[in-house]
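Structure assessment
The primary structure of each chain is shown beneath.
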Amino acid sequence: MTLAARDLFPGIENQLPPPALTKPKPAGAPYQGYSFKAFVRKVKRRTPMSSRAMIAPGASRRIAISDLLTLGGDDRIVLDPRTRRNRYGSGVEPETGAAEFASTTASTISSAALDHVAAYFEALPPARSGPETYRQAAQATREDLARLCGLPSTAAANIILAPSGTDLHLMAADLARGSGLQPLETVMADPNETGRGVPLALRSQAFGTDAAHGTPSEIGALLPGAVAGETTAIDLRRPDGSPRAASDVDADFERACRGRLRAGRPVLLVLVDVSKTGLIAPSPACAIELKRRYGDQLTVLVDACQFRLSTESLAAYLAADFLVAITGSKFVAGPPFSGALIIPDGSAPRLRTSNLLPALSNYSGREDWPNEFNGRNVLPDLPNFGMLARWRAALYELKAFRSCPAAEIGAFLSRFADEIEAAICAIDGLERVEAPLLKRFDDGGWDGAATIFSFRVTDGREALCPARLQALHERLRQSSAGGERAVHLGQPVTISCGESQPRVALRLAASVPLVVEALSAPDGGEDVIARAIGALAITAFRARHG
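Now for a look at the structure at hand. (Residues numbered from 1 in each chain as written. Predicted model: local features only at pLDDT ≥ 70, side-chain atom pairs only at ≥ 80, totals over all residues. Heavy atoms only, no water.)

1. Digging into the overall build of the protein
Selection criterion: Only DSSP runs of H or I reaching four residues or more are called helices, and only runs of E reaching two or more are called strands; each is numbered from the N terminus. Only protein chains enter the area calculation, which uses a 1.4 Å probe; residues under 20% of their type maximum are buried, those over 50% are exposed, and those in between are partly exposed. Should any heavy atoms of two residues lie within 4.5 Å, those residues are counted as being in contact.
The helix and strand tally for the protein stands at 17 helices and 13 strands. Within the protein, buried positions represent 57% of all 546 residues. Sequence-distant contacts, at least 24 apart, represent 70% of the contacts inside the protein between residues at least 6 apart.

2. Considerations on the sheet that holds strand E1 (residues 99-101)
Our working definition: If DSSP finds at least two bridges between two strands, the strands pair. Axis geometry follows a simple rule: fit a line to the C-alpha atoms, using only the stretch in contact for helices, then measure angles between N-to-C directions, giving values from 0 to 180 degrees.
The 5 strands are arranged E1-E12-E13-E11-E10 in an open sheet whose pairing can be described as mixed. In the strand order of this sheet, the two ends are held by E1 and strand E10 (430-432), each with one partner. The average undirected angle you get between the axes of adjacent strands in this sheet is 40°. Across 4 bridges, the pairing between strand E11 (residues 452-457) and strand E13 (residues 503-509) is antiparallel.

3. Regarding the pattern of salt bridges
What counts, and what does not: Here a salt bridge means any side-chain nitrogen of Lys or Arg lying within 4 Å of a carboxyl oxygen belonging to Asp or Glu.
Considering all chains together, one arrives at 29 salt bridges under this definition. For Arg 440, the salt bridge identified is with Asp 273, shortest N-O distance 2.7 Å. Of this pair, Arg 440 sits in the loop between E10 and E11 while Asp 273 sits in strand E5 (residues 267-273), and the two are 167 residues apart along the sequence. Two residues, Arg 461 and Asp 459, come together in a salt bridge whose shortest N-O distance is 3.1 Å. With relative accessibility at 72%, the residue Arg 461 sits in the exposed group. What makes Asp 459 buried here is its relative accessible area of 7%. Connected through shared salt-bridge partners, Glu 254, Arg 258, Glu 289, Arg 292 and Arg 293 make up one network.

4. Description of the packing of aromatic side chains
Quick note on the threshold: Here the aromatic set is Phe, Tyr and Trp, taking the six-membered ring for Trp, and pairing holds for ring centres within 6.5 Å; pairs whose planes are under 30 degrees apart are stacked, those over 60 apart are edge-to-face, and all others are tilted.
Evaluation of the coordinates by the stated rule reveals 13 aromatic pairs. Pairing Tyr 134 with Phe 385 gives two aromatic rings, centres 5.4 Å apart and planes at 75°, and the pair type is edge-to-face. Here Tyr 134, found in helix H6 (residues 130-148), pairs with Phe 385, found in helix H13 (residues 385-402); they are 251 residues apart in sequence, far enough to count as distant. The class of Tyr 134 is buried, set by a relative accessible area of 0%.

5. Quick look at the packing of helix H9 (residues 246-262) against helix H10 (residues 284-294)
Test applied: Roughly parallel means an angle under 35 degrees; roughly antiparallel, over 145; roughly perpendicular, 65 to 115; everything else is oblique. The handedness criterion is simple: a crossing whose near helix is rotated anticlockwise from the far helix by less than a right angle is left-handed, and one whose near helix is rotated clockwise is right-handed.
At a minimum axis distance of 10 Å, the contact between H9 and H10 shows a crossing angle of 20°. Considered as vectors, H9 and H10 are oriented roughly parallel to each other. Helix-helix and strand crossings are classified by hand; for H9 and H10 the assignment is right-handed. Counted together, Asp 250, Glu 254, Cys 257, Arg 258 and Leu 261 of H9 and Cys 286, Leu 290, Arg 293 and Tyr 294 of H10 form the full contact between these two elements.

6. Here's the deal with the environment of Ala 509
Tracing the chain through its elements places Ala 509 in strand E13. Each C-alpha atom of the pair Ala 509 and His 488 lies 10.0 Å from the other, and the pair is 21 residues apart in sequence.

7. So, the side chain of Lys 330
Quick note on the threshold: The charge count includes Lys and Arg as positive and Asp and Glu as negative, but it does not include His or the ends of the chains. Here a polar contact means two N or O atoms within 3.5 Å. Within protein one must be a hydrogen donor candidate and the other an acceptor candidate, and residues neighboring in sequence count only if both atoms are side-chain atoms.
Following the sequence through the fold, Lys 330 ends up in the loop between strand E8 (323-327) and strand E9 (339-342). No salt bridge is formed by the buried Lys 330; the nearest opposite charge belongs to Asp 303, separated by 9.4 Å. A distance of 2.5 Å separates a polar atom in the side chain of Lys 330 from the backbone oxygen of Thr 105. Setting aside anything within four residues of it in sequence, one finds Lys 330 in contact with Ser 103, Thr 104, Thr 105, Ser 107, Cys 305, Gln 306 and Arg 308.

8. Some thoughts on the pairing of strand E7 (residues 298-304)
Side-chain direction in a regular strand flips from residue to residue, so the side chains alternate between the two faces of the sheet. Burial within E7 is extensive, with 7 of its 7 residues counted as buried. Here E7 shows two buried faces, one formed by Leu 298, Val 300, Val 302 and Ala 304 and the other by Thr 299, Leu 301 and Asp 303. As judged from the 6 bridges shared by E5 and E7, these two strands associate in the parallel manner. Each bridged residue has a counterpart across the sheet, and for Leu 269 the counterpart in E7 is Val 300.

Honestly, it's all geometry; don't read function into it.
Pasting the structure below:
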């Protein structure tokens, strides 16, 4: 279906690997515009005659959007031709009947969101150029995101769109480095709690074999023109997997920042909220004090890519002059990838004048950045309609969530947390991975409730090793012969490396659609909780019996 996407959006061939499959438009050739209805007709024509009878009315436009969801990212969202799933284990077609609790990793688009995105693109007015259509749509996306985040309309001028959270770290590091030639020093949490590609991105190194607009590259290669940076990772857990004391973690972050600032280099502090296993580090109080002490010498980036964050907490981080990275593909449960970097008003005047690394042109287009950022002029005028489609799906889910009363959200999530933690402790073969209470600011918002629950799995004799846990995770995604539903959980994560082999855990998580379902149901969410407990029981059973 990639050919269909190319026909709909001229210029999208820059997002499609391998380049040999594309035919770039000749220089000076006029843009013919596009029509979503014409695109749908082309999809139908390319469908084998034997399959056309099975396409329900309106289904062809859904196929077109499903195709688009795989474009404008990197190799992580390319579908395996055999399984029709990406590296996260999710596909691009809605699934029915599965127990969906994998939002710590990725979710499959809902049927309602897919219909919404198809209708959105069909309603886009024809334009004289692809870039002009994209410019208007990207600006509307920034404005909608600002509104749904509880921010003033002017905040849209400070929102940068990007394919993924890893891309956001790359861009934030470039902004933090500024126009100087000194390498950027970054202090961050253990990459096992954030993402394997994050340290590479923070050091301006290629973190994937493909990029949204780029050609294949070698992972770890320094981007052209970049100054190699350095990263310091702080452990958040002990060798046995238990969380370290928050005061000890804060002391390590403070010590690392202080030492690097004394060397006179620019420093980026990455505060993760929340990590893969539900941790916050360093504490907001620690980061606020460091920012107060060092001012513009220290840039603070809040890695809120899980986006398990209330509007009040988001506003507090921005008021502290912290950059905030969010995505629409974790808690919000939109399809991967969709990211946004929100720049605080305090730093915006300085960062808007910063030069950008030209090599960012492989990852970002000019209209992904607001007009106010001067550095955007080095970026190509290339649209990323795939990213836009994924953001529209996420915004659809987020809008429904924002319509729910915050007090009811908090009450349900607290009850969900109590029930899930009790179930993990009660089910034989599961071992709870401890996570401390979430502490940010003194607002008591719904985001004080845990929404990520990590647990180790045993076969009755010993905990599963990484290879066996990965195999179990993959088996769970398939319905069993006995009629058990498929179970979608967060991918295995390493919680400690201090032994002969790493300790690994699976994760069950709440998500925006689950909260909306719970608060819309007459049973008050009992079915959501029962499905979650059932998913845990199936996991323990399959670990023992295959």
